[in-house]
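# Results of the structural survey
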Amino acid sequence: MTGALHVFTAGLAAGVLRYQRCAACGAAQTGQRLACTACGHTVLIWHDAAGTGTVWSASTVHRAPTDAWRAEVPYTLVLVTLDEGPRVMAHGRPGLAIGQRVRAEAVTLAGTALMRFVPA
């Protein structure tokens, strides 16, 4: 596990959604990156997100990707534009709609620390 990945996953385990912001151009991005997706600069600074945003897309998953997830189906995946700018894919409470305001909450599903978005 790389140091950058550790920062992100440690945040999830602590109930904090983290993102990176480029030191050169200010672009925000989620996940672990080694370089800015906007300008290619390699200095990225970690920030804690407020955890609020707007649903960009939503989908219901009916087929478990592994046996560990079988008990969780069906579940909802959402693409949320965080108030800080970047877009993140996460679990969502069933029934979330495009354009709806949401907030993140920490959950553990199939033994993994995750974020789930619920209505704000």
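The structure we're discussing is the one just above.
Keep in mind the model is a prediction, meaning the values are calculated, not measured. Position numbers for residues start from 1 in each chain and track the written sequence from start to end. Predicted model: local features are reported for residues with pLDDT of at least 70 only, side-chain atom pairs are reported and counted for 80 or more only, and whole-chain, interface and lining totals are derived from all residues. Values shown for side chains rest on all heavy atoms present in the structure; no hydrogens or waters enter the calculation.

## Here's the deal with the side chain of Gln20
Secondary structure counts use DSSP, requiring at least four H or I residues in a row for a helix and at least two E residues in a row for a strand, with both numbered from the N terminus. Of note, Gln20 is situated in strand E1 (residues 18-22). Classification of Gln20 as buried rests on a relative accessible area of 2%. Two residues form a contact once any of their heavy atoms are found within 4.5 Å. In contact with Gln20, other than residues within four places in its own chain, are Ala27, Ala28, Gln29, Gly31, Gln32, Arg33, Leu44, Ile45 and Trp46. Burial status follows relative accessibility: with a 1.4 Å probe on protein chains alone, a residue under 20% of its type maximum counts as buried, one over 50% as exposed, and anything between as partly exposed.

## Brief notes about the environment of Ala104
Mapped onto the secondary structure, Ala104 falls in strand E7 (residues 101-109). Counting along the chain gives 21 residues from Ala104 to Asp83, while the straight-line C-alpha distance between them is 12 Å. In contact with Ala104, other than residues within four places in its own chain, are Gly51, Met115, Arg116 and Phe117.

## A word on unusual backbone geometry
The omega torsion of the bond from Val73 to Pro74 falls at -5°, within 30 degrees of zero and hence cis. By the secondary structure assignment, Pro74 is in the loop between strand E4 (52-61) and strand E5 (75-82).

## Brief notes about the nonpolar core
Think of a nonpolar core as a cluster: buried Ala, Val, Leu, Ile, Met, Phe, Trp, Tyr and Cys residues, connected wherever their side-chain atoms sit within 4.5 Å. In this structure, Leu17, Val80, Leu82 and Phe117 are the most contacted members of the largest nonpolar core, which totals 15 residues. Those elements that provide at least two residues to this core are helix H1 (3-13), E5, strand E6 (87-92) and strand E8 (112-119). Here the element with the most residues in this core is E5; it accounts for three residues. If sequence neighbours within four positions are ignored, Leu82 has contacts with Leu17, Thr30, Ala49, Thr52, Gly53, Val88 and Phe117.

## Comments concerning the pattern of salt bridges
Each salt bridge in this description consists of a side-chain nitrogen of Lys or Arg and a carboxyl oxygen of Asp or Glu lying within 4 Å of one another. Per the stated rule, a full pass over the model turns up four salt bridges. Arg70 is paired through a salt bridge with Asp67; the nearest N and O atoms lie 2.4 Å apart. Between Arg116 and Glu105 there is a salt bridge, with its nearest N and O atoms 2.9 Å apart. Here Glu105 lies in strand E7 and Arg116 lies in strand E8, a separation of 11 residues in the sequence.

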